[in-house]
Amino acid sequence: CQAATVKQQRKFPDDFLFGTATASYQIEGAWNEDGKGENIWDYMTHNNPTVIKDESNGDIAADSYHNYKRDVEIMRELSLDAYRFSLSWSRILPTGMANEINPAGVEFYNNYINEMLRYNITPMITLYHWDLPQKLQELGGFANPYISDWFADYARVVYKSFGDRVKHFITFNEPREICFEGYGAATKAPILNSTAIGTYLCAKHLVIAHAKAYYVYDKEFREAQGGQCGITISVNWFGAHTPEDEYAAELKRQAEWGIYAEPIFSSQGGFPKELSQRIAEKSAAQGYAKSRLPEFTDEEKALVQGASDFFGVNHYTGYLISATQNRVQNPVPSLPDDVDIGVVVPDEWPKSASTWLTLSPNSILYALSHLKERYNNPIFYITENGWSTPPESGLNDDMRATYYRAALESVLDTLDAGVNLKGYMAWSLVDNFEWMEGYTERFGLYNVDFEDPARTRTPRKSAFVYKHIVNNRFIDHSYEPESMIMTID
Ligand code: PNW
């Protein structure tokens, strides 16, 4: 019918950036080559291998350190406009401190960037995607307020080395996963499990570190380099299960992303109000002299507020939040106990290979419309979005193609709703080390053969589907690849 045809022909703007994303520890390998220092994932996986589901690690991973030219060739096969990747801090600064730069590390990233630029692919750099130099962890990592100075010094080296050619910098990938999973729980390195205050201490120090790195760019480099500096926050959608659950859903949103977004993007600055109040009340009842959530000084609040040129959003899924149903026993005290809500996932939402990831209809539109209203429509990039399959499903990944088409329809709805969204990065270019899940879950548009020393990459069906959308700027739901042979257009 007419209406359906019109909908199918909705187009992505010509200047909309389509790309894919990866992270250093998940793809590079070469963990101790050419002067790279040890990071917290090297340390944890080597000293505590059983924390990873298949007891694997990123020592070799997809070996992108030696395959970077093939990776850029894949970007060309996919007709990508952009590529988001992260830098390994300890490859550039082996001890984490800026007094000693590893020239081979800088050279590797120069080669990688120059190879992308040769083919007109816009590089987007993430400075920190979870692989802290181990030496800095030994000093407390994000629990030490000096992390903000160490990070700003590292950022200066990065802008100075690459900013002549790279115009998009993202300071941190996913503060929630760094702070809650790494410090407040034990589900990411450094598995501190400091449930009472770990998340909150890290949150404060991390947003200050972001702001200091932002101002290094703003004051020392922007004029000469003319780029942008932002942050990527994981924003899944948390909707109310029933109208009575709206407050519970709001608390959950504040605990998941508001705690990092509000200090930077809100007009008043500081931590989100309802969450701060809840933590203060619980802390008092638990006998603490002060709230477990540290406050910002006025000076810190002013430093952080407004310190970003764009809002990077990693979005994968949605959940329904209930004040009463499905509540679980959490450690006391902890962030989950402070929030104390239940999560409902309807049975009809298709399931991926990851426990946390279902296809939640329209979740991109819900999440980004909410952020647009709350934070006065800043520039947004979707810096990650993707779907996992089990290793045995190989190159046949119809469900990933279904997921990407649904997600990109939601992106079109989001553009129609007036959200200032400038690009979309699929997670991920190739299969890689999926953190605590090792190699048991695959996110790649390309399969990687991890048994093969060459780590051969082969396109999945979804790679052809994504390429077709990128090339044609619309979503053809009936497109089927004619063969599985990929070429460069
Ligand atoms: C992201 N959640 O993490 C990371 O940035 C990637 O490194 C990772 O490989 C990818 O997603 C897939 O997991 C997330 O619980 C971790 O909603 C957890 C969630 C979302 C993203």
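None of these values were measured; they are calculated from a predicted model.

**A few points about the pairing of strand 1 (residues 17-21)**
- The element strand 1 is largely enclosed, with a buried count of five among its five residues.
- Taking every second residue as pointing to the same face, both faces of strand 1 are buried, with Leu17, Gly19 and Ala21 on one and Phe18 and Thr20 on the other.
- Here strand 1 pairs with strand 11 (residues 421-426) via four bridges, running parallel. Looking at strand 11, one finds that Phe18 is bridged to Tyr424.
- Alignment of strand 1 against strand 2 (residues 82-86), held across three bridges, turns out to be parallel.

**Considering the site of the ligand**
- In the vicinity of the ligand, 16 residues are found, and the nearest of them are Gln26, His129, Asn236, Glu434 and Trp435.
- Measuring from an oxygen atom of the ligand, one finds a side-chain N or O atom of Glu384 at 2.9 Å.
- Alone, the ligand offers 460 Å² of accessible surface; in the complex the protein occludes 93% of this.

**Here's the deal with the nonpolar core**
- Grouped together as the largest cluster of nonpolar side chains are 153 residues, with contacts concentrated most on Trp41, Tyr112 and Tyr424.
- Counting residues per element, this core draws most heavily on helix 10 (residues 198-220), at 12 residues.
- Beyond its immediate chain neighbours, meaning those up to four positions away, Tyr424 contacts Phe16, Leu17, Phe18, Gly19, Ile382, Asn385, Tyr404, Ala407, Leu408, Val411 and Tyr466.

**Regarding the packing of helix 17 (residues 398-416) against helix 18 (residues 461-472)**
- Where helix 17 contacts helix 18, the axes come no closer than 8 Å and their chain directions differ by 25°. Relative to helix 18, the element helix 17 is oriented roughly parallel. Considering only the axes of helix 17 and helix 18, their crossing is right-handed. Contact residues: Asp398, Arg400, Ala401, Arg405 and Leu408 in helix 17; Lys461, Ser462, Val465, Tyr466 and Ile469 in helix 18.
- Taken together, the residues of the contact of helix 17 with helix 18 sort by class into five nonpolar, one polar and four charged.

**A few points about the sheet that holds strand 5 (residues 228-234)**
- The strand order around the closed barrel formed by eight strands is 1-2-3-4-5-7-10-11, and the pairing between neighbours is parallel. The average angle at which neighbouring strand axes cross in this sheet is 25°, direction not considered.
- Taken together, the four bridges between strand 7 (residues 311-314) and strand 10 (residues 380-384) define a ladder with parallel strand orientation. Each bridged residue has a counterpart across the sheet, and for Val313 the counterpart in strand 10 is Ile382.
- Packing of helix 8 (residues 147-162) onto the sheet brings it into contact with strand 3 (122-128), strand 4 (168-173) and strand 5, and relative to strand 3 it is tilted by some 160°.

**Digging into the packing of aromatic side chains**
- Overall, the coordinates contain 53 aromatic pairs when judged by the stated rule.
- Between the aromatic rings of Tyr83 and Tyr112, the centroid separation amounts to 6.1 Å while the plane-to-plane angle is 55°, which identifies the pairing as tilted. With a gap of 29 residues between them, Tyr83 in strand 2 and Tyr112 in helix 6 (residues 103-118) connect regions that are remote in the sequence. With respect to burial, Tyr83 and Tyr112 carry one shared label: buried.
- Relative to Phe443, the ring of Trp356 lies with its centre 6.4 Å away and its plane at 15°, an arrangement referred to as stacked. Remark: Phe443 occurs in the loop between strand 11 and strand 12 (446-448) and Trp356 occurs in the loop between strand 9 (342-344) and helix 16 (363-374); sequence separation between them is 87 residues.
- Put simply, the rings of Phe12, Phe16, Phe18, Trp387, Tyr403, Tyr404, Tyr424 and Tyr466 pair up and form one aromatic cluster.
- Taking NZ or CZ as reference, Arg91 lies 5.8 Å from the ring centre of Phe108, over its face.
- In this structure, Arg292 packs its charged tip against the face of Tyr288, placed 5.6 Å from the ring centre.

**Topic: the pairing of strand 4**
- Of all six residues in strand 4, six are buried; the element is thus mostly enclosed.
- Two strands pair when backbone bridges link them, and strand 3 and strand 4 are joined in this way by four bridges, in the parallel orientation. Counted as the bridge partner of Met124 is His168 from strand 4.
- Bridge count for strand 4 against strand 5 is four bridges, and the pairing is parallel. Bridge pairing links Phe169 to Cys229 in strand 5.

**Section: helix 8**
- With 16 residues, helix 8 extends 22 Å from end C-alpha to end C-alpha; this agrees with the ideal 22 Å at 1.5 Å per step.
- Among the 16 residues that make up helix 8, 12 are buried, leaving the element largely enclosed by the rest of the structure.
- What helix 8 keeps buried is the set Ile147, Ser148, Trp150, Phe151, Ala152, Tyr154, Ala155, Val157, Val158, Tyr159, Ser161 and Phe162.

**Section: the state of the cysteines**
- Under the definition given, this model contains one disulfide.
- A disulfide bridge connects Cys179 with Cys202, and the sulfur atoms are separated by 2.0 Å. With the S-S dihedral at roughly -65°, the linkage between Cys179 and Cys202 falls on the left-handed side. Here Cys179 is found in helix 9 (residues 175-184), whereas its partner Cys202 is found in helix 10, with 23 residues between them in sequence.
- Judged by its relative accessible area of 0%, Cys202 falls in the buried class.

**Focus on the pattern of salt bridges**
- Counting across every chain of the model gives 38 salt bridges.
- One salt bridge connects Arg374 with Glu262, and the closest N-O pair in it is separated by 3.2 Å. Of this pair, Arg374 sits in helix 16 while Glu262 sits in helix 12 (residues 246-265), placing them 112 residues apart in sequence.
- Residue class for Arg374 comes out partly exposed when judged on its relative accessible area of 30%.
- A residue is classified by how much of its surface remains accessible, and Glu262, at 4% relative accessible area, is buried.
- Lys372 is the partner of Glu373 in a salt bridge, and the nearest nitrogen-oxygen pair spans 3.3 Å.
- Three or more residues joined by partner-sharing salt bridges are found here, namely Arg176, Glu177, Glu181, Lys188, Lys252 and Glu256.

Conventions used here
- Each residue is numbered by its place in its chain's sequence as written, counting from 1.
- In keeping with the predicted nature of the model, local features appear solely for residues at pLDDT of at least 70, side-chain atom pairs appear and are counted solely at 80 or more, and the whole-chain, interface and lining totals rest on all residues.
- By convention in this description, side-chain values take in all heavy atoms of the structure and omit both hydrogens and water.
- A 1.4 Å probe rolled over the protein chains alone gives each residue an accessible area, and that area as a share of the maximum for its type sets the label: buried under 20%, exposed over 50%, partly exposed in between.
- For the purposes of this entry, the term helix denotes a DSSP run of H or I that reaches at least four residues, the term strand denotes a run of E that reaches at least two, and both are numbered from the N terminus.
- By definition, two strands form a pair when at least two bridges between them are found by DSSP.
- For each residue, the test is whether any non-hydrogen atom lies within 4 Å of the molecule or strand; if one does, the residue is near.
- Side-chain atoms alone can form a polar contact between residues adjacent in sequence; in general such a contact is a pair of N or O atoms within 3.5 Å, and within protein one must be able to donate a hydrogen while the other accepts it.
- Exposure was quantified through the Shrake-Rupley algorithm and a 1.4 Å probe, taking into account, for residues, occlusion by the shown protein chains and nothing else.
- We define a nonpolar core as any set of buried Ala, Val, Leu, Ile, Met, Phe, Trp, Tyr and Cys residues linked to one another through side-chain atoms lying within 4.5 Å.
- Only heavy atoms enter the contact rule, under which two residues are in contact if any of them lie within 4.5 Å.
- Note on geometry: axes are lines fitted to C-alpha atoms, helical ones only across the stretch in contact, with angles between N-to-C directions running from 0 to 180 degrees.
- Throughout this description, any angle smaller than 35 degrees is read as roughly parallel, any larger than 145 degrees as roughly antiparallel, any in the 65 to 115 degree range as roughly perpendicular, and the remainder as oblique.
- Handedness of a helix crossing follows the sense of rotation of the near helix relative to the far helix, less than a right angle counterclockwise being left-handed and clockwise being right-handed.
- Under the convention adopted here, Pro, Cys and the residues Ala, Val, Leu, Ile, Met, Phe, Trp and Tyr are nonpolar, Asp, Glu, Lys and Arg are charged, and Gly plus all remaining residues are polar.
- Ring geometry is summarised as follows: Phe, Tyr and Trp rings, the Trp one being its six-membered ring, pair when their centres sit within 6.5 Å, and such pairs are stacked at plane angles under 30 degrees, edge-to-face over 60 and tilted between the two.
- Placement of a positive charge over a ring is assigned whenever Lys NZ or Arg CZ falls within 6 Å of the ring centre and within 35 degrees of the normal to the ring plane.
- Expected span of a helix, by definition, is 1.5 Å for each gap between consecutive residues, and there is one gap fewer than residues.
- Note on terminology: disulfide denotes any pair of cysteine sulfur atoms within 2.5 Å.
- For this analysis, a salt bridge means a side-chain nitrogen from Lys or Arg found within 4 Å of a carboxyl oxygen belonging to Asp or Glu.

By themselves, these observations are geometric and do not establish any function.
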